[in-house]
Amino acid sequence: MKNISIFCAVFVALVLAGCGEKKNYKNPDEIETSKELTEKLFPKPEENVAEPQENYDDGTVLTAMVSNGKPSIVDFTATWCGPCQRMKPVFHSLAKEFNDKYNFISIDIDENQELANKYQIQAVPTFVFLDADGKEGNRITGMISEKEFRDELLTPAWY
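Residues numbered from 1 in each chain as written. Predicted model: local features only at pLDDT ≥ 70, side-chain atom pairs only at ≥ 80, totals over all residues. Heavy atoms only, no water.

Describing unusual backbone geometry
Keep in mind that most residues, glycine aside, have a negative phi and that most peptide bonds are trans.
Then, number 1: Omega for the bond connecting Val124 with Pro125 falls within 30 degrees of zero, at -5 degrees, which places this linkage in the cis form.
Then, number 2: Considering the arrangement of structural elements, one finds Pro125 in the loop between α5 (113-118) and β4 (126-130).
Then, number 3: The phi dihedral of Gln120 is positive, around 50 degrees, even though this residue is not glycine.
Then, number 4: With respect to the helices and strands, the residue Gln120 is situated in the loop between α5 and β4. (Helix = DSSP H or I, 4+ residues; strand = E, 2+ residues; numbered from the N terminus.)

Here you go:
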């Protein structure tokens with residue numbers, strides 16, 4: 001019985017000691033929005049990075065890009081897709097590095113459903129590799145490392 005009394009006294013002391021603790025509640029104005037958090041986690045690429053061409057309404061501009069004699073890498077992406085957002089800096093970095101050798105094109109599947117259907121995109125991100133004539137040679141679906149992506153560009157077996 002004495003042990004129970006001691007236990008109760010210690011328990012009450014601990015509970016009362018915690019009552020005076022200062023809580024660190026944030027002011028609602030200080031809480032980051034999901035957009036701010038996304039921008040912090042996935043920062044935009046540097047200003048001087050060669051930006052891939054983005055968001056075509058139909059295939060005409062894509063066809064014109066592909067017809068310039070260079071092979072193309074088309075990134076089918078979506079703003080709501082976490083893996084797409086993580087691959088975006090990789091794609092932009094490679095666009096800067098290989099801009100003289102390839103066309104880099106980014107297509108938002110929500111804004112360009114016809115192109116997504118034309119290329120039978122079932123999941124994002126999907127990277128479609130087109131030869132200089134615009135014929136598909138390879139595709140990668142999902143996330144890959146920058147090294148794997150670079151190796152695919154350095155030793156292409158698809159054009």
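That covers the picture; the talk isn't over yet.
Let's talk about helix α6 (residues 146-154)
Then, number 1: Looking only at α6, the buried set comprises Phe149, Glu152 and Leu153. Down the axis, α6 shows its buried residues gathered within 95 degrees of arc, on one side only.
Then, number 2: Lining the buried residues of α6 we find β2 (72-77), α4 (82-97), β3 (103-108), β4 and β5 (136-141). (Buried < 20%, exposed > 50% of the residue type's maximum accessible area, 1.4 Å probe, protein only. Arc of directions from axis to C-beta. Contact = heavy atoms within 4.5 Å.)

Looking at the packing of aromatic side chains
Then, number 1: Counted under the stated rule, the structure contains eight aromatic pairs.
Then, number 2: Here a set of aromatic residues connected by ring pairs shows up, and it is made of Phe91, Phe98, Tyr102, Phe104, Phe127, Phe129 and Phe149. (Phe/Tyr/Trp six-rings, centres within 6.5 Å; stacked < 30°, edge-to-face > 60°.)

Digging into the pattern of salt bridges
Then, number 1: Inspection of every chain in the model, using the stated rule, returns four salt bridges.
Then, number 2: Among the salt bridges present, the one from Arg150 reaches Glu97, with a minimum N-O distance of 2.8 Å. A residue pair is termed long-range when its members are at least 10 positions apart, and Arg150 in helix α6 and Glu97 in helix α4 qualify at 53 residues.
Then, number 3: When its relative accessible area of 40% is taken as the criterion, Glu97 is described as partly exposed.
Then, number 4: Two residues, Arg139 and Glu136, come together in a salt bridge whose shortest N-O distance is 2.8 Å.
Then, number 5: Salt bridges sharing common partners tie together Glu97, Glu146 and Arg150. (Salt bridge = Lys/Arg side-chain N within 4 Å of Asp/Glu carboxyl O.)

What about the pairing of β4?
Then, number 1: Most of β4 sits out of view: five of its five residues are buried.
Then, number 2: The side-chain alternation of β4 yields two buried faces, one formed by Thr126, Val128 and Leu130 and the other by Phe127 and Phe129.
Then, number 3: Both β4 and β5 contribute to a ladder of five bridges, which runs antiparallel. Bridged to Phe127 within β5 is Ile140.
Then, number 4: Between the end of β4 and the start of β5, which pair antiparallel, lie five residues, with Gly134 showing a positive phi angle near 85 degrees. (Pairing = 2+ DSSP bridges.)

Quick word on the side chain of Asp108
Then, number 1: Turning to its location among the elements, Asp108 is positioned in strand β3.
Then, number 2: The buried charged residue Asp108 lacks any salt bridge partner; its closest oppositely charged side chain belongs to Lys88, at an N-O distance of 8.0 Å. (Lys, Arg positive; Asp, Glu negative; His and termini not counted.)

What about the pairing of β3?
Then, number 1: Among the six residues that make up β3, six are buried, leaving the element largely enclosed by the rest of the structure.
Then, number 2: Neither face of β3 is left uncovered, since the one carrying Asn103, Ile105 and Ile107 and the one carrying Phe104, Ser106 and Asp108 both have all their residues buried.
Then, number 3: Here six bridges tie β2 to β3, and the two strands are oriented parallel to one another. Bridge pairing links Ser72 to Asn103 in β3.
Then, number 4: With α4 bridging β2 and its parallel neighbour β3, the resulting β-α-β unit is right-handed. (Right-handed = clockwise from strand over helix to strand, strands pointing away.)

Points about the packing of α4 against α6
Then, number 1: Interaxial distance between α4 and α6 falls to 10 Å at its minimum, and their mutual angle equals 35 degrees. Helix-helix and strand crossings are classified by hand; for α4 and α6 the assignment is right-handed. Two secondary-structure elements touch here, α4 through Met87, Val90, Phe91, Ser93, Leu94 and Glu97 and α6 through Glu146, Phe149, Arg150 and Leu153.
Then, number 2: The class makeup of the residues in the contact of α4 with α6 is six nonpolar, one polar and three charged. (Axes fitted to C-alpha atoms, helices over the stretch in contact; angles between N-to-C directions. Left-handed = near helix turned anticlockwise from the far one by under 90°. Nonpolar A, V, L, I, M, F, W, Y, C, P; charged D, E, K, R; others polar.)

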